[in-house]
Amino acid sequence: MKAWRFHAFGDMRLDEVAVPELKPGHVLVEPLCVQPSVTEAQLAFGIPTLAYERVKRRLETEAPIALFGHEFCARVLETGPGVTRFRRGDRIAARAKLPCGQCGMCRSEQGNRCRSGPVIGFDLPGCFAEVASLPELALVRVDDRLDNREAACLQSLSDSVAAVETASLAMGDTVAIFGQGSMGLECLQIARLSGAGRIITVDVRDEACRMSVELGADHALNARQVDVVEAIRELTEGNGADVVFECAGGSPKQGLAGTATVRQAMQAVRSGGKLVGVSWFGAPFEVDIDGMRERSLRYVFPDISTLAHLEHTVRLAATGRVRIKPTLTHALEGLDKVPEAFTITANKGKYHAINPAQVILKH
Ligand SMILES: [Zn+2]
């Protein structure tokens, strides 16, 4: 079978490899639609972000390796011994970060805090291939109301569900969201379902601002046109938002906001309010801790999403409470188009992409 393998950063090749063997507790699947995450797309080109050192080490010692491909919709071809929840023909999606099942956290039912388990696409081969082997405990069945392209977004959407849960919104809270890429737009819709009173979104792209209004934002601020901190304070009687999600940060070379949006987010949140850190930055940077201390800010980070989050995500999307379709801007056909999907996804601003570029493998 054919699978994309990385021989080095920036060097991916469509290699002929052996079909994975069917292991106990695993299923073999044929990917139907797959997309690189923004993190994967940056790592593919050697841009430092989450898991950079780990991927670099693997490439230096094990290349060529099958990397990435944890955001997908696939169809079950065959089930291994012990698999009970799935059968041949089921459409599935998966969570990426899996519990190890053995550590103290896992034993006390806090698997979402375990950091010893494997990650699909990083430790286990993902779905940039004709066939993939996946552990049953990662999987969820895709509702018939969702098409393959929507289902390929479920993993990222479940991370957004976990991020909004971390915010513990109170009914009527004013929420500001910096960054209206796919996760920002997801957090917007889920915050709306979770009791947010008023939602103010921030982006530098007109198309993203338009999309956020379409998906439920009360005010969409273009940071190129207004002083967003001042605008948010004005909209909140000078106080700032109760909760601010920071989903815009990251490498400016990829059209992301660097670290500036973290400082803006800190100024845009009210005293005693919460800042939810969603972005990855790829390197340490300075923040005004005393300023945070003085204003009693809480800077919180989401836990890893669980199977329960993913199952809830399927319901949210299948019932139309969260809309994915409007964010799907780029679709490519065929496994050979994978590198193009990485290029578009690593430079979403330049290509006017909202969701990562998707690769359709089977209809
Ligand atoms: Zn564990």
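Residues numbered from 1 in each chain as written. Predicted model: local features only at pLDDT ≥ 70, side-chain atom pairs only at ≥ 80, totals over all residues. Heavy atoms only, no water.

Visitor: Hey, could you go over the overall build of the protein chain for me, with residue numbers and the actual values?
Guide: The helix and strand inventory of the protein chain stands at 13 helices and 15 strands. In terms of C-alpha radius of gyration, the protein chain reaches 20 Å, essentially the compact-globule figure of 21 Å for 363 residues. The proportion of buried residues among the 363 residues of the protein chain is 54%. For the protein chain, the accessible surface area stands at approximately 15800 Å², while carbon and sulfur atoms represent 49% of it. Mean positive and mean negative side-chain charge positions of the protein chain (42 and 44 charges, respectively) differ by 2 Å. (Helix = DSSP H or I, 4+ residues; strand = E, 2+ residues; numbered from the N terminus. Rg over C-alpha atoms; globule rule 2.2 N^0.38 Å. Buried < 20%, exposed > 50% of the residue type's maximum accessible area, 1.4 Å probe, protein only. Areas by Shrake-Rupley, 256 points an atom, 1.4 Å probe, with all protein chains shown as cover. Lys, Arg positive; Asp, Glu negative; His and termini not counted. Charge placed at Lys NZ, Arg CZ, Asp CG, Glu CD.)

Visitor: Help me get a handle on the coordination of the zinc ion, residues and values and all.
Guide: Coordination sphere of the zinc ion, protein contribution only: Cys100 (SG), Cys103 (SG), Cys106 (SG) and Cys114 (SG), at 2.3 Å. With 4 donor atoms in place around the zinc ion and angles of 105 to 113 degrees between them, the coordination shape is tetrahedral. Along the chain, the residues that donate to the zinc ion are spaced as C-x2-C-x2-C-x7-C. On the criterion of sequence distance, the pair formed by Cys100 in the loop between strand S5 (91-94) and helix H3 (104-107) and Cys114 in the loop between H3 and strand S6 (132-135) is long-range, its members being 14 residues apart. Relative accessible area serves as the criterion here: at 25%, Cys100 is assigned to the partly exposed category. (Donors = N, O, S within 2.8 Å, 3.2 Å for Na, K, Ca; no water. Tetrahedral: all angles 85-135°; square planar, octahedral: opposite > 155°, others 65-115°.)

Visitor: Kindly report on the sheet that holds strand S9 (residues 198-203), identifying the contributing residues and their values.
Guide: With respect to topology, 6 strands assemble into an open sheet ordered S10-S9-S8-S11-S12-S13, the strand pairing being parallel. Edge positions in the sheet fall to strand S10 (219-222) and strand S13 (298-300), since each of these pairs with one other strand and no more. Geometrically, the sheet is characterised by an average inter-axis angle of 20 degrees between neighbouring strands, direction not taken into account. Alignment of strand S12 (residues 269-277) against S13, held across 3 bridges, turns out to be parallel. Paired with Lys274 across the bridge in S13 is Arg298. Packing against the sheet, helix H6 (residues 182-193) makes contact with strand S8 (174-178), S9 and strand S11 (241-246), and its axis sits at approximately 175 degrees to S9. Of the strands in this sheet, S9 and S10 touch helix H7 (residues 206-214), which is tilted by about 175 degrees from S10. (Pairing = 2+ DSSP bridges. Axes fitted to C-alpha atoms, helices over the stretch in contact; angles between N-to-C directions. Contact = heavy atoms within 4.5 Å.)

Visitor: Now, about the packing of helix H5 (residues 154-167) against helix H11 (residues 307-318): what can you tell me, with residues and values included?
Guide: Running from amino to carboxyl end, H5 crosses H11 at an angle of 105 degrees, the nearest separation of the two axes being 9 Å. Accordingly, the angle class assigned to the pair H5 and H11 is roughly perpendicular. Touching Leu154, Gln155, Leu157, Ser158, Val161, Ala162 and Glu165 of H5 are His309, Leu310, His312, Thr313, Val314, Leu316 and Ala317, all from H11. Among the residues forming the contact of H5 with H11, the class breakdown is 8 nonpolar, 5 polar and 1 charged. (Parallel < 35°, antiparallel > 145°, perpendicular 65-115°, else oblique. Nonpolar A, V, L, I, M, F, W, Y, C, P; charged D, E, K, R; others polar.)

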